[in-house]
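Structure at a glance
Here is how the chains run, residue by residue.
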Amino acid sequence: MDHLRLYLQGDDSTAERLREVLVREGFHLVDPREPAPASARIMVELEASSPRDTARRIEDLERSVLELRNLDVAKSQFLTNVSHELRTPLTAIVTYGEILRDGLLGEIAPRQREAIESMIGSCRQLLGMIEEILTYARTNAPAIDIRPADLPLDEVVETVREMNASLLERKSLRFGCELADRLPHACADRDKVAHVLGNLIGNAIKFTPEGGWVQVRATAAGQPGWLQVEVADSGIGIDREHHELIFREFAQVDASRSRVHHGTGLGLSIARRFVELHGGRIWVESRLGEGSRFFFTLPSMEADGAPAAATDPGA
Ligand code: ADP
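Here's what I pulled together on the structure shown here. Given the structure is predicted, the values throughout are model-derived calculations rather than measurements.

**Comments concerning the packing of aromatic side chains**
Enumeration over the complete set of coordinates arrives at three aromatic pairs. Each ring, one from Tyr136 and one from Phe250, has its centre 5.5 Å from the other, and the planes form 65 degrees; the classification is edge-to-face. Taken together, the positions of Tyr136 in helix H3 (residues 110-139) and Phe250 in the loop between strand E8 (226-233) and helix H7 (267-277) put the pair 114 residues apart, joining distant regions of the chain. In this structure Tyr136 comes out as buried when scored by relative accessible area, which is 2%. Pairing Phe247 with Phe294 gives two aromatic rings, centres 6.2 Å apart and planes at 65 degrees, and the pair type is edge-to-face.

The following block contains the structure:
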């Protein structure tokens, strides 16, 4: 029995999905006999009874992967087009709503103002979801890159907290931020980190009932040259069997029509992509009914201000 070794570029979740597909296709995977070379992020070793038959099946798989990739590009293009088309009229509705609310077209009664406020609120919620879909489509573009710079995490956490202040207040949630003493700055892209924190803190607020808490912590306690950020909440929690699933595109634990919480199911997959672009990783520790703790890692600045070496701390 021959062993066939495949070396590929990709992240942990891609490796996991690739293994699932290969097993589904009837390949027998074996534990690698040697570690993968540094240039390859994924190594899969297969048992091959007949090398020619295996080569043919791998060619078939390659063709399927290419077809899927083309479909994926078409899906992203479709999402971009539809989102753009929806964004323009929605923005106009918000603008006219604000003109009406502010009485620029004549006096309005308090109950009319309330109705217009709630119309504007719903439109803004829709616009937020459309923005997320557009970010997702952009995130999938092959040319996406990051601009790492000296980034003090406390500033980003504060910006995200301010953006969520009214939601925190409405649900009477306590918000805490605890950064380790003399925490080095991150060497990271400000917008991308703000997006990741915005998603994690937004979810923590969304899935925590009134009167609970949301806590952000950051330490440099793990691998040298890396920071670990945690967003914890006292909310509904997530069953173990969904811990990997929720990081996939469009995945939601409660996908029923009657679900209470709104969202696109894209936030965590975008967050994962942004963290992995920095060479870091993101994961969750949680149990149903016992709150959630989301973690991610980012490269830190070294003491002299030079970017630290970026190797995956989880590798
Ligand atoms: P969205 O929030 O738009 O549905 P996300 O990708 O951000 O999409 O999250 C995917 C799913 O993961 C959510 O629908 C929810 O089921 C679960 N989830 C995420 N964060 C939390 C949290 N803090 N507590 C409980 N469940 C969560």
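**Describing the pattern of salt bridges**
For the structure on display, the rule yields 16 salt bridges. Glu155 is the partner of Arg190 in a salt bridge, and the nearest nitrogen-oxygen pair spans 3.0 Å. With a gap of 35 residues between them, Arg190 in helix H6 (residues 190-206) and Glu155 in helix H4 (residues 153-163) connect regions that are remote in the sequence. For Arg190, a relative accessible area of 37% translates into the label partly exposed. Among the residues examined, Glu155 registers a relative accessible area of 40% and is labelled partly exposed. Salt bridges linked by common partners bring Glu178, Arg217, Glu230, Glu285 and Arg293 together as one network.

**Some points on a nonpolar patch on the surface**
Where nonpolar side chains cluster on the molecular surface, the patch consists of Phe78, Val82 and Leu86 and spans about 270 Å² of accessible area. When you line up the elements, Phe78 lands in helix H2 (residues 51-101).

**Thoughts on unusual backbone geometry**
At Ser172, a residue that is not glycine, the phi angle is positive and equals roughly 50 degrees. For Ser172, the position within the fold is in the loop between helix H5 (165-170) and strand E5 (174-179). Note on Ser172: relative accessible area 48%, which makes it partly exposed. The backbone phi angle of Arg182 is positive, close to 50 degrees, even though this residue is not glycine. Following the sequence through the fold, Arg182 ends up in the loop between E5 and strand E6 (186-188). Looking at Arg182, the relative accessible area reads 83%, which means it is exposed.

**Examining the site of the ligand**
Of all residues adjacent to the ligand, which total 21 residues, the nearest are Asn203, Lys206, Asp233, Gln252 and Leu268. Lys206 places a polar side-chain atom, nitrogen or oxygen, 3.0 Å from an oxygen atom of the ligand. Leu268 places a main-chain nitrogen or oxygen 2.8 Å from an oxygen atom of the ligand. Here the ligand loses 96% of its free accessible area of 530 Å² to cover by the protein chains. Breaking the shell around the ligand down by element, the ones donating at least two residues are H6, H7 and strand E10 (292-299). Of the residues forming the shell around the ligand, the biggest block, four residues, is contributed by H6.

**Re the packing of H3 against H7**
Relative orientation of the contacting elements H3 and H7 amounts to 40 degrees, with a least axis distance of 10 Å. In this structure, H3 crosses over H7, and the sense of that crossing is left-handed. Side by side, H3 and H7 meet where Glu132, Thr135, Tyr136 and Thr139 of the first sit next to Gly267, Ser269, Ile270, Arg273 and Phe274 of the second. For the contact of H3 with H7, the residue count by class is three nonpolar, four polar and two charged.

**Some details on the sheet that holds strand E9 (residues 282-286)**
One open sheet holds the five strands; their spatial order is E5-E7-E8-E10-E9, and the pairing between them is mixed. Sheet topology places E5 and E9 at the edges, where each strand pairs with a single neighbour. Within this sheet the neighbouring strands show an average axis-to-axis angle of 15 degrees, counted without direction. Running over the sheet, H6 touches E5, strand E7 (213-219), E8, E9 and E10 and is turned about 25 degrees from E8.

**Here we look at the environment of Glu158**
Structurally, the position occupied by Glu158 is in helix H4. Owing to a relative accessible area of 32%, Glu158 belongs among the partly exposed residues under this scheme.

**Focus on the side chain of Ser292**
Checked against the element boundaries, Ser292 lands in strand E10. Accessibility expressed as a relative area gives 5% for Ser292, which makes it buried. Among the polar contacts made by the side chain of Ser292, one reaches the side chain of Ser286 at a distance of 3.2 Å. The contacts of Ser292, once residues within four sequence positions are left out, are Val231, Ala232, Asp233, Gly237, Ile238, Glu285 and Ser286.

**A closer look at the environment of Leu266**
By the element assignment, Leu266 lies in the loop between E8 and H7. If near-sequence neighbours (up to four positions away) are discounted, Leu266 is found in contact with Glu132, Ile133, Tyr136, Glu249 and Phe250.

**Side note on the packing of H6 against H7**
Relative to each other, H6 and H7 sit at 145 degrees, their axes nearing to 9 Å. Where H6 crosses over H7, the two elements pack in a sense that is left-handed. Between H6 and H7, the residues in contact are Lys192, His195, Val196, Asn199, Leu200 and Asn203 and Gly267, Leu268, Ile270, Ala271, Phe274 and Val275, respectively. Its residues assigned to classes, the contact of H6 with H7 comprises seven nonpolar, four polar and one charged.

Parameters at a glance
- Residues numbered from 1 in each chain as written.
- Predicted model: local features only at pLDDT ≥ 70, side-chain atom pairs only at ≥ 80, totals over all residues.
- Heavy atoms only, no water.
- Phe/Tyr/Trp six-rings, centres within 6.5 Å; stacked < 30°, edge-to-face > 60°.
- Helix = DSSP H or I, 4+ residues; strand = E, 2+ residues; numbered from the N terminus.
- Buried < 20%, exposed > 50% of the residue type's maximum accessible area, 1.4 Å probe, protein only.
- Salt bridge = Lys/Arg side-chain N within 4 Å of Asp/Glu carboxyl O.
- Patch = residues over 30% accessible without salt bridge, like charges linked within 9 Å, V, L, I, M, F, W, Y side chains within 5 Å.
- Areas by Shrake-Rupley, 256 points an atom, 1.4 Å probe, with all protein chains shown as cover.
- Near = heavy atom within 4 Å.
- Polar contact = N/O pair within 3.5 Å; in protein donor to acceptor, adjacent residues only side chain to side chain.
- Axes fitted to C-alpha atoms, helices over the stretch in contact; angles between N-to-C directions.
- Left-handed = near helix turned anticlockwise from the far one by under 90°.
- Contact = heavy atoms within 4.5 Å.
- Nonpolar A, V, L, I, M, F, W, Y, C, P; charged D, E, K, R; others polar.
- Pairing = 2+ DSSP bridges.

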